[in-house]
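Observations on the three-dimensional arrangement
Now for the letters of each chain:
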Amino acid sequence: MADIFREVRERLDMDTVARHYGYQPNRAGFIHCPFHPGDRTASLKLYPGSRGWHCFGCNRGGSVIDFVALDLGLAPLDAVRRLNEDFSLGLPVDRPATAADRKAAAHRKAVSSTYQDFSAWRDSLCTRLNACFRVAHTALLSLEAPEDFDQLTPAQVLAIQNQAAVSFWADALGGSMEDQMAVFRNRKEVEQLCSRILNDTQRKSDTA
Ligand SMILES: [Zn+2]
């Protein structure tokens, strides 16, 4: 049963749940707190994803389950039942978990951890691409005459030659899943380019 509570918390987004039950968060994710009277300033903050909520007026807070339990006047387990129904989560609240339920839960877990690995890879490559872009940008700014080009390091030259590509890959990583996958398929080439530009720059600044 503890697993079911956790799964409800992890799978439901606080903002989506609040909207479903009739709340309209403002741009900063605040709503008027329904749990203390006269909240004119909207002091209840809905946090992104599974991080729940907190009211800065009455100091109450918790998970989506606590929110629904308080809002609808339900016991926590009934709030879980209600969310399971309203969001078609298909969790085995009132029957013992079957082998199929466990398999489905394990699969959801695997998908989510693969996605986390992917996000970590994407964010780190994006940081490296931005660093490559800055190498090119700084090098170009340092050029006062065309002949200064000869004084650039091989890494700076490489960064300048590939600045358009670097910027293209960085944009793609911030784009649709399809664009991100295109970078992923070419990751060897992209990562090698980053390493050639950044490692060299790194060595140069180390010895400077
Ligand atoms: Zn409150």
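Up top you'll find the structure we're talking about.
Reference entry: report on the structure contained in this document. Since the structure is predicted, the reported quantities are computational estimates derived from the model, not experimental observations.

**As for the overall build of the chain**
Looking only at helices and strands, one finds nine helices and four strands in the chain. Overall, the chain shows an N-to-C arrangement of helices and strands of α-α-β-β-β-β-α-α-α-α-α-α-α. The C-alpha radius of gyration computed for the chain amounts to 25 Å, which surpasses the reference 17 Å derived for 208 residues by more than 25%, pointing to a less compact arrangement than a globule. Its C-alpha atoms give the chain principal-axis dimensions of roughly 75 × 50 × 30 Å. Relative to all contacts within the chain whose residues are 6 or more apart in sequence, the contacts with residues 24 or more apart total 53%.

**Concerning the packing of aromatic side chains**
Taken as a whole and assessed by the stated rule, the structure comprises 11 aromatic pairs. Here Trp53 and Phe67 contribute two aromatic rings whose centre-to-centre distance is 5.7 Å and whose plane-to-plane angle is 80 degrees, an arrangement assigned as edge-to-face. Highlighted residues: Trp53 in strand E3 (residues 53–55) and Phe67 in helix H3 (residues 64–72), separated in sequence by 14 residues. Ring geometry for Phe168 against Trp169: centres 5.4 Å apart, planes inclined by 65 degrees, an arrangement best described as edge-to-face. On the accessibility criterion, Trp169 (12% relative accessible area) is buried. Three or more aromatic residues joined by ring pairs make a cluster, and in this case those are Tyr23, Phe35, Trp53 and Phe67. It is Arg187 that lies over the ring of Phe184; its NZ or CZ is 4.0 Å from the centre.

**A look at the coordination of the zinc ion**
Around the zinc ion, the protein supplies Cys33 (SG), His36 (ND1), Cys55 (SG) and Cys58 (SG) as donor atoms, at distances of 2.0 to 2.3 Å. Along the chain, the residues donating to the zinc ion are arranged with the sequence spacing C-x2-H-x18-C-x2-C. According to the relative accessible area criterion, Cys55 is buried, its value standing at 0%.

**Description of helix H5 (residues 99–142)**
Over its 44 residues, H5 extends 65 Å from the first C-alpha to the last, a length consistent with the 64 Å expected when each residue adds 1.5 Å. All of the buried residues along H5 are Asp101, Phe118, Ser119, Trp121, Arg122, Leu125, Leu129, Ala131, Cys132, Val135, Ala136 and Ala139.

**Comments concerning the sheet that holds E3**
Taken together, four strands build an open sheet; the order of strands is E1-E2-E3-E4 and the sheet is antiparallel. Of all the strands in the sheet, just strand E1 (30–31) and strand E4 (61–62) have a single pairing partner and so form its edges. Here E3 pairs with E4 via two bridges, running antiparallel. Paired with His54 across the two strands is Gly61, which belongs to E4. Sheet contacts for H3: E1, strand E2 (44–46), E3 and E4; angle to E3, the most-contacted strand, approximately 55 degrees.

**Points about the packing of H3 against helix H4 (residues 76–86)**
Contact pair H3 / H4: the axes reach a minimum separation of 8 Å and the direction vectors enclose 100 degrees. By the criterion of interaxial angle, the relationship of H3 to H4 is roughly perpendicular. Between H3, through Val64, Ile65, Val68, Ala69 and Leu72, and H4, the contact on the second element is made entirely by Pro76, Ala79, Val80, Arg82 and Leu83. For the contact of H3 with H4, the per-class residue count stands at nine nonpolar, no polar and one charged.

**Brief notes about unusual backbone geometry**
If you check the backbone angles, Asn59 has positive phi at about 70 degrees while not being a glycine. With respect to the helices and strands, the residue Asn59 is situated in the loop between E3 and E4. The class for Asn59 is exposed, based on a relative accessible area of 58%. The phi dihedral of Ser88 falls on the positive side, at around 45 degrees, and the residue is not glycine.

**Some words on the pattern of salt bridges**
All told, the structure shown has 10 salt bridges when counted by the stated rule. Its salt-bridge partner being Arg81, residue Asp94 comes within 2.8 Å of it at the nearest N-O pair. Of the two residues, Asp94 sits in the loop between H4 and H5 while Arg81 sits in helix H4, which places them 13 residues apart along the sequence. A relative accessible area of 56% means that Asp94 is categorised as exposed. Between Arg122 and Asp123 there is a salt bridge whose closest N-O contact spans 3.4 Å. On the basis of relative accessible area, Asp123 is assigned to the partly exposed category, the value being 43%. Through salt bridges with shared partners, one network takes in Asp3, Arg6 and Glu10.

Reading the values: rules and limits
- Residues numbered from 1 in each chain as written.
- Predicted model: local features only at pLDDT ≥ 70, side-chain atom pairs only at ≥ 80, totals over all residues.
- Heavy atoms only, no water.
- Helix = DSSP H or I, 4+ residues; strand = E, 2+ residues; numbered from the N terminus.
- Rg over C-alpha atoms; globule rule 2.2 N^0.38 Å.
- Contact = heavy atoms within 4.5 Å.
- Phe/Tyr/Trp six-rings, centres within 6.5 Å; stacked < 30°, edge-to-face > 60°.
- Buried < 20%, exposed > 50% of the residue type's maximum accessible area, 1.4 Å probe, protein only.
- Lys NZ or Arg CZ within 6 Å of the ring centre and 35° of its normal.
- Donors = N, O, S within 2.8 Å, 3.2 Å for Na, K, Ca; no water.
- Expected span 1.5 Å × (residues − 1).
- Pairing = 2+ DSSP bridges.
- Axes fitted to C-alpha atoms, helices over the stretch in contact; angles between N-to-C directions.
- Parallel < 35°, antiparallel > 145°, perpendicular 65-115°, else oblique.
- Nonpolar A, V, L, I, M, F, W, Y, C, P; charged D, E, K, R; others polar.
- Salt bridge = Lys/Arg side-chain N within 4 Å of Asp/Glu carboxyl O.

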